[in-house]
Amino acid sequence: VMQQRTNSSLYSAYAHVLPQETGCVLEWSDDDVELLRGSHLHTIASEIRHAAETTMADVEALPCPEVYKDRKTLVWALSILLTRVVRLGQDLQALCPGLDFFNHDCSSESFILLDENNRVYVKADRLYMPGDQVMISYGNQKTRGEFLLQYGFLPPASENTYDACLFPIDIVLEDGDDDVVTDGLERNEKTRMVFPLSLQGLPEGILKY
């Protein structure tokens, strides 16, 4: 992305219309991230930022022009990747110029897809009239906090039915416990399970514990 931004190659026009700021967690200050402490989002934010720091350290060690090692530019490039990269398969992620300007709709069932001929496309999930904005989903079952960390925006609470707080529980199987209930854990084995708690009620999986 940085290379396209600094030359006149095929994708330089695309790079120049990308936003200068995304609002994702890579652009937050340490104090902003600390506000999340006590929430499951703090762990997610820390993991994303740690991965970015590792990547930037790898880039800074490469024998490439110094312009690519500028920290502000590196943060910008990684923020663009975090907010716009599309998973097209189990082992394939890519930027899709043009399609990555589609906005998110919690109710949309349209995604950026790859067909059998390696063509990238969006299949509409509803009837759109001329002039209507075509919306896609950035991923199902994401909480509003996860949208904020990765994409820099909060979907309306009334529209995101998957909004939840992740609740971890440590489970230990003891003598007399039901093996079926505890999913086949070994005796005295400790495991941690995470359940999404929402305002609509408890997740079904947590009830058996």
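For the structure itself, look to the data block above.
The paragraphs below set out a description of the structure included in this document. Please read all numbers here as calculations on a predicted model, not as lab measurements.

## Structural notes on the overall build of the protein chain
Step number 1: Helix and strand counts for the protein chain come out as 7 helices and 8 strands.
Step number 2: Here the protein chain, with 209 residues, has 31% of them falling under the buried criterion.
Step number 3: Considering only intrachain contacts with a sequence separation of at least 6, the fraction spanning at least 24 residues in the protein chain is 48%.
Step number 4: Accessible area of the protein chain: about 13,500 Å², with a carbon and sulfur share of 53%.

## Concerning the nonpolar core
Step number 1: Within the largest apolar cluster, 16 residues are counted, with the highest numbers of intra-cluster contacts made by Val25, Leu26, Trp28, Leu36, Ala45 and Leu149.
Step number 2: Broken down by element, this core gets its largest block of residues, 6 residues, from helix α4 (residues 40–60).
Step number 3: With residues near it in sequence (within four places) discarded, Leu149 still touches Cys24, Val25, Trp28, Leu36, Leu41, Ile44, Ala45 and Leu82.

## Focus on α4
Step number 1: When the terminal C-alpha atoms of α4 are compared, their 31 Å separation across 21 residues agrees well with the 30 Å that a helix rising 1.5 Å per residue should span.
Step number 2: Restricting attention to buried positions, one finds in α4 the residues His40, Leu41, His42, Ala45, Ile48, Arg49, Ala52, Met56 and Val59.
Step number 3: Check the buried side of α4 and you find it contacts α3 (30–34), α5 (71–84), α6 (144–151) and β7 (165–172).
Step number 4: Residue Ser39 occupies the N-cap position of α4, its side-chain oxygen lying 3.0 Å from the main-chain nitrogen of Leu41.

## Concerning the packing of α4 against α6
Step number 1: Running from N to C, α4 and α6 cross one another at 20 degrees; their axes reach a closest spacing of 10 Å. In terms of their interaxial angle, α4 and α6 are classed as roughly parallel. Crossing of α4 over α6 shows right-handed handedness. Of the residues in α6, those touching α4 at Leu41, Ile44 and Ala45 are Gly145, Glu146 and Leu149.
Step number 2: Looking at the contact of α4 with α6 residue by residue, the class counts come to 4 nonpolar, 1 polar and 1 charged.

## Examining the environment of Leu41
Step number 1: By secondary structure assignment, the location of Leu41 is in helix α4.
Step number 2: Remark: the alpha-carbon pair of Leu41 and Gly145, spanning 104 residues in sequence, is separated by 6.8 Å.
Step number 3: Once residues within four sequence positions are removed from consideration, Leu41 is found in contact with Leu36, Thr143, Gly145, Glu146 and Leu149.

## Considerations on the environment of Ile136
Step number 1: With respect to the helices and strands, Ile136 occurs in strand β6 (residues 135–136).
Step number 2: Judged by its relative accessible area of 3%, Ile136 is buried.
Step number 3: Ignoring sequence-local partners within four residues, the contact set of Ile136 consists of Phe102, Asn103, His104, Asp105, Ser108, Ser110, Ile112 and Val122.

## A look at the packing of aromatic side chains
Working definition: an aromatic ring pair is given by the centre-to-centre distance plus the angle between the planes.
Step number 1: Counted according to the given criterion, the structure contains 6 aromatic pairs.
Step number 2: Residues Tyr14 and Phe101 carry aromatic rings whose centres are separated by 6.3 Å and whose planes lie at 90 degrees to one another, so their mutual orientation is edge-to-face. Pair noted here: Tyr14 is in helix α2 (residues 12–16) and Phe101 is in the loop between β2 (92–94) and β3 (103–104), with a separation of 87 residues, a long-range link.
Step number 3: The interplanar angle of 80 degrees and the centroid separation of 6.0 Å between the aromatic rings of Tyr138 and Phe153 together place this pair among those described as edge-to-face.

Cut-offs used in this document
Residues numbered from 1 in each chain as written. Predicted model: local features only at pLDDT ≥ 70, side-chain atom pairs only at ≥ 80, totals over all residues. Heavy atoms only, no water. Helix = DSSP H or I, 4+ residues; strand = E, 2+ residues; numbered from the N terminus. Buried < 20%, exposed > 50% of the residue type's maximum accessible area, 1.4 Å probe, protein only. Contact = heavy atoms within 4.5 Å. Areas by Shrake-Rupley, 256 points an atom, 1.4 Å probe, with all protein chains shown as cover. Core = buried A, V, L, I, M, F, W, Y, C linked by side-chain atoms within 4.5 Å. Expected span 1.5 Å × (residues − 1). Polar contact = N/O pair within 3.5 Å; in protein donor to acceptor, adjacent residues only side chain to side chain. Axes fitted to C-alpha atoms, helices over the stretch in contact; angles between N-to-C directions. Parallel < 35°, antiparallel > 145°, perpendicular 65-115°, else oblique. Left-handed = near helix turned anticlockwise from the far one by under 90°. Nonpolar A, V, L, I, M, F, W, Y, C, P; charged D, E, K, R; others polar. Phe/Tyr/Trp six-rings, centres within 6.5 Å; stacked < 30°, edge-to-face > 60°.

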